[in-house]
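Remarks on the overall topology
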Amino acid sequence: MRRNMATKAAPSCGLVFCLLISAAVLRPGLGLYTVNSAYGDTIIMPCRLDVPQNLMFGKWKYEKPDGSPVFIAFRSSTKKSVHYDDVPEYKDRLSLSENYTLSISNARISDEKRFVCMLVTEDNVFEAPTIVKVFKQPSKPEIVSKAPFLETEQLKKLGDCISKDSYPEGNITWYRSGQGLQPLEEAVVIIFKKEVDPVTQLYTMTSSLEYKTTKADIQMPFTCSVTYYGPSGQKTLYSEQAVFDIHYPTEQVTIQVLPPKSAIKEGDNITLKCLGNGNPPPKEFLFYLPGQPEGIRSSNNYTLTDVRRNATGDYKCSLVDKKSMIASTTITVHYLDLSLNPSGEVTKQIGDALPVSCTISASRNATVVWMKDNTRLKSSPSFSSLQYQDAGNYVCETALQEVEGLKKRESLTLIVEGKPQIKMTKKTDPSGLSKTVICHVEGFPKPAIQWTITGSGSVINQTEESPYINGRYYSKIIISPEENVTLTCTAENQLERTVNSMNVSAISIPEHDEADEISDENREKVNDQAKLIVGIVVGLLLAALVAGVVYWLYMKKSKTASKHVNKDLGNLEENKKLEENNHKTEA
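Predicted model, so just to flag it, every value in this text is computed and none were measured. (Residues numbered from 1 in each chain as written. Predicted model: local features only at pLDDT ≥ 70, side-chain atom pairs only at ≥ 80, totals over all residues. Heavy atoms only, no water.)

**Structural notes on the environment of Gln201**
Following the sequence through the fold, Gln201 ends up in the loop between β16 (188–196) and β17 (203–212). With relative accessibility at 35%, the residue Gln201 sits in the partly exposed group. Gln201 sits 34 residues away from Tyr167 along the chain, and the two C-alpha atoms are 7.9 Å apart. Once you skip the residues sitting within four places of it in the chain, Gln201 turns out to touch Ile109, Ser110, Tyr167 and Val196. (Helix = DSSP H or I, 4+ residues; strand = E, 2+ residues; numbered from the N terminus. Buried < 20%, exposed > 50% of the residue type's maximum accessible area, 1.4 Å probe, protein only. Contact = heavy atoms within 4.5 Å.)

Printed below as a string of structure tokens:
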């Protein structure tokens, strides 16, 4: 035994020492002591023994699983020298301090052992055991092998949650929107497995989740966690969130119309859009047009070009493989027709009647506006006897206010023709030195006026013409005749030539002036003045009537009061007569 001890330690031991070593006991009052260390850190184990006065040396060992010791470090109390035994797994990793504290660098899982500090004297051996625990934090859990999509009401593998390099092994938990998942028959299946690396002795944990999804799982985050033990206690690491695409069948079909149904008019292009609320949405549909029992297979869009009013009706679409799931909508193609009779350029004679009609046919009530020469009319035109002022450019315009861009218009250019009509007037100047003769002409096209004079005299001024308005204008001359003359006015247009003459007396002979022709503008002013006068007269009559009624009521009240006064006066007269008679009788 002495030889064996010499082999393992620097000093030799006597028989007594070897017997003490073999019979070493724990020092009273010392129990098991545990040192927790993180993987890769330095393990520090104090000896936990009081150093005796007669100490010879200190020594560290660890125990194999079968209980046999393996010495790893020795330190003499006298020579202050340190010796480390030839143990391969602890080569260059040990450090023994003067107070016999043992340090092991780069902690490994294999360092989980029962180490013993031994202090040896000549007559005794003291021991203090230490249990070493090594912990390794696992990697952050990660969800791998994720399903590209999940289908409702089907139990399908969602993915694997994996966490590596843990010691001791950790525990994995799955979460849905932060709530932990527990196994549930035919709905939640969790399969856990662990693997240990034979070299590092570190664990890799894997948890597989099979899950039956519903539509409530749409956009719901799934996570997993690993719970492990470290030197300071239990801790938990969480994975990143994973959101899965949930597939579910179509339960409803809808149909859309572009542009909006209220604004469809003839000539538009209509796009029918069919949508299913499933995920993924259906890519093909059957479209049913009015009057066509068989559906037209197409993508989710079907376009009708240049629609007419006969396209109005019910439109439907359905799934290709489930025709009972169908959606429908009613489309009205708005239209607007306008017929103006007569239209274009129309030539009529003055005095003729001309019925005008603007007929509207529309998908709903339309507004109608009449314009004449860019001025809006209050009502539609009607001509029982055409006048020159009725001529002009008439436009009948209609529109559907609710449908943008749906409007129609037609025009009528009315020409009123008439043969020239002449009326001549004359007027003597107040000075008595000249006379004015006017030739009033009416007709269309505009007649040309020509003057001729017979007799002596001279034309004081050149002929003066008024503007041609509503088929009328006049020409006047001022003359100073020395003898009786005859003035002739000739008016001619494409329809006829008209001549009229007037005798004008010499300037020295007084004669009756003829009234001048009233122009249209003056005629309107006269009418307005007449209306004003009539209004004033009616107002005065009403005021007089009111005043008469008030006066009659006043007089009636006054007469009633007079009757009462007269009655009182009569009574006074009778009393006086009675008194006089009495006086006479007494006399």
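On we go.
**Quick word on the sheet that holds strand β8 (residues 102–104)**
On the basis of which strands lie adjacent, the open sheet formed by 3 strands has the order β3-β8-β7 and antiparallel pairing. Sheet topology places β3 (43–45) and β7 (94–96) at the edges, where each strand pairs with a single neighbour. On average, each strand axis in the sheet is tilted by 15 degrees relative to the strand beside it, whichever way the strands run. Strand direction decides the pairing type here: β3 and β8, joined by 3 bridges, are antiparallel. Paired with Met45 across the strands is Leu102, a residue of β8. (Pairing = 2+ DSSP bridges. Axes fitted to C-alpha atoms, helices over the stretch in contact; angles between N-to-C directions.)

**Regarding the confidence of the model for the protein**
Averaged over the protein, the pLDDT score is 85; the fraction of residues at 70 or greater is 84%. Counted against residues more than four places away or in other chains, residues 561–579, with its pLDDT under 50, gives 0 contacts. Between residues 581–587, whose pLDDT stays under 50, and residues either more than four places distant or in other chains, the model counts 0 contacts. (pLDDT = per-residue confidence, 0-100.)

**Brief notes about the pairing of strand β39 (residues 472–479)**
Regular strands show a simple pattern: their side chains alternate between the two faces of the sheet. The alternating pattern of β39 places Tyr473, Ser475, Ile477 and Ile479 on a buried face and Arg472, Tyr474, Lys476 and Ile478 on a face that is not buried. When strand β36 (residues 435–444) meets β39, the two strands line up antiparallel, connected through 8 bridges. When the sheet's bridge partners are listed, Val441 is paired in β39 with Tyr473. Counting the residues in the hairpin turn of strand β38 (residues 464–465) and β39 gives 6 residues, including Asn470, whose phi is positive at 50 degrees.

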